[in-house]
Amino acid sequence: MMDRKKVLIIRFSSIGDVILTTPILTEIKKKYPNWDIDFIVMDKFKDAITYNSNINKLIIFEKDKYKGKNGIQKFIKEKLKGEYDLIIDLHNKFRSIYISKLLKARDKCEVLTYKKRKWWKSLLVKMRLIKYKVDNTIIKNYFKPLEKYQIYYNGENIEFNFLKEHLEKIKKLKIENFVVFAPGASKETKKWPKENFASLAKLIKKEYNYNIILIGSKAEEKDLSKINKLSGNICINLAGKLNLKESGAIISKAYFVVTNDSGPFHIARGVKTKTFVIFGPTSPGMFEYDKNSILLYENEECSPCSLHGDKKCPKKHFKCMKNLTADKVFKIIKKSS
């Protein structure tokens, strides 16, 4: 078992889920330093994992180029020419399952697969027949199939890596004494209301005189401009002006981050910056929290109601987010500072 192995880890998306694989990489290399690790990630999310020192080769899956079964076969032929001893599927959907199946047949290798929640449980949550309750944290579930090789969960010490050049760009902005707000999310119900972010910005500015930096994608520029306007234009809106690595660099220099349940939460944890993370419709039980990652959650009777968030609150009141006021959040920030 201590012999050199060629290992392929598959996790296509998304930003947070890819970053959450980093403790797996660390523990594999700690237990088996001679193992060579290749890692497949979708092109759109590659910056979540690039420059991780535990990966020997990062393999980019181009979604538009390798469509369907024929595309996957072409991808294997073009990108996966080495002979693998072990496949670790941390995605467990059609693409990763099919890749694993074909490689197992080709290389006679072993396949370990991370088990997702039961399909019937997901269905009942989507039908609003049960509340969503996680069985375990995502990272602990990632580790389960690896116990066969005596590779065990050892905490949520995740990594997000960037280069000196990314930090240099941040220095050129010449912004000092700042906190970062990340108001975006993949679904509307995962977003704390804009007016709440604006009110919190005013409270922080008045109490600490910190600069408030808003980060997000180009698509979120309108929302972030609205937050800035509601705050009395006291924020610095960097929507669309930073790539993922530069976002990590700026987060690494912040006093703290306030974020929704989204990628910046995991980036902040990965660069060891104090983070206040807002949960509403999704389950905070997916992650662990410590003095550096602080949960903001109202624990409403109807929450958590969703696996990944929705376009609108199913009960139309959105209490899980609206009742988490800026004053409540500010008190928690003050208490932990």
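As the structure is a prediction and not an experimental result, all values here were calculated from the model.

S.K.: Please set out the layout of surface pockets residue by residue, giving values where relevant.
M.R.: Space inside the second largest pocket adds up to approximately 350 Å³. Taken together, 21 residues line the second largest pocket, and the ones lying closest to its centre are E188, K191, P193, K194 and F318. Going through the elements one at a time, α8 (194-208) and α9 (221-230) are the ones with two or more residues in the lining of the second largest pocket. Grouping the amino acids of the lining of the second largest pocket by side-chain chemistry returns eight nonpolar, three polar and ten charged.

S.K.: Please set out the environment of K315 residue by residue, giving values where relevant.
M.R.: Among the structural elements, K315 can be located in the loop between β11 (293-297) and α12 (319-322). Sequence separation between K315 and C302 is 13 residues; the distance between their C-alpha atoms is 8.7 Å.

S.K.: Lay out the sheet that holds strand β9 (residues 257-260) with the relevant residues and their values.
M.R.: The six strands are arranged β8-β7-β6-β9-β10-β11 in an open sheet whose pairing can be described as parallel. Edge positions in the open sheet fall to β8 (235-237) and β11, since each of these has one partner strand only. Strand-to-strand twist across the sheet, computed as the mean angle between neighbouring axes with direction ignored, equals 20°. Of the pairings in the sheet, the one linking strand β7 (residues 211-214) to β8 comprises three bridges and is parallel in character. Bridge assignment links I212 to a residue of β8, and that residue is C235.

S.K.: Which residues make up the pairing of strand β1 (residues 6-10), and what are the values?
M.R.: Taking burial as the measure, the five residues of β1 include four buried ones, the bulk of the element. Pairing of β1 with strand β2 (residues 36-42) involves five bridges; the strand directions are parallel. Its bridge partner being in β2, I10 is matched across the sheet by I40. Examined bridge by bridge, β1 and strand β4 (residues 86-89) share four bridges and lie parallel to one another. Looking at the pairing, I10 lines up with D89 of β4.

S.K.: Just give me the short version of the sheet that holds strand β3 (residues 57-61), but keep the residues and values in it.
M.R.: Strand order in this open sheet of five strands is β3-β2-β1-β4-β5, and the pairing throughout is parallel. The sheet is open, and its two borders are formed by β3 and β5 (110-113), each paired with just one other strand. Averaged over all neighbouring strand pairs, the angle between strand axes comes to 20°, with direction disregarded. Running at roughly 170° to β4, helix α4 (residues 94-107) makes contact with β1, β2, β3, β4 and β5 of the sheet.

Rules of the game
Residues numbered from 1 in each chain as written. Predicted model: local features only at pLDDT ≥ 70, side-chain atom pairs only at ≥ 80, totals over all residues. Heavy atoms only, no water. 1 Å grid on protein atoms, 1.4 Å probe; cavity = no way out; pocket = protein on both sides within 12 Å on 5 of 7 lines; lining within 4 Å. Points joined across faces, edges and corners; volume = space filled by probe spheres on them. Helix = DSSP H or I, 4+ residues; strand = E, 2+ residues; numbered from the N terminus. Nonpolar A, V, L, I, M, F, W, Y, C, P; charged D, E, K, R; others polar. Pairing = 2+ DSSP bridges. Axes fitted to C-alpha atoms, helices over the stretch in contact; angles between N-to-C directions. Buried < 20%, exposed > 50% of the residue type's maximum accessible area, 1.4 Å probe, protein only. Contact = heavy atoms within 4.5 Å.

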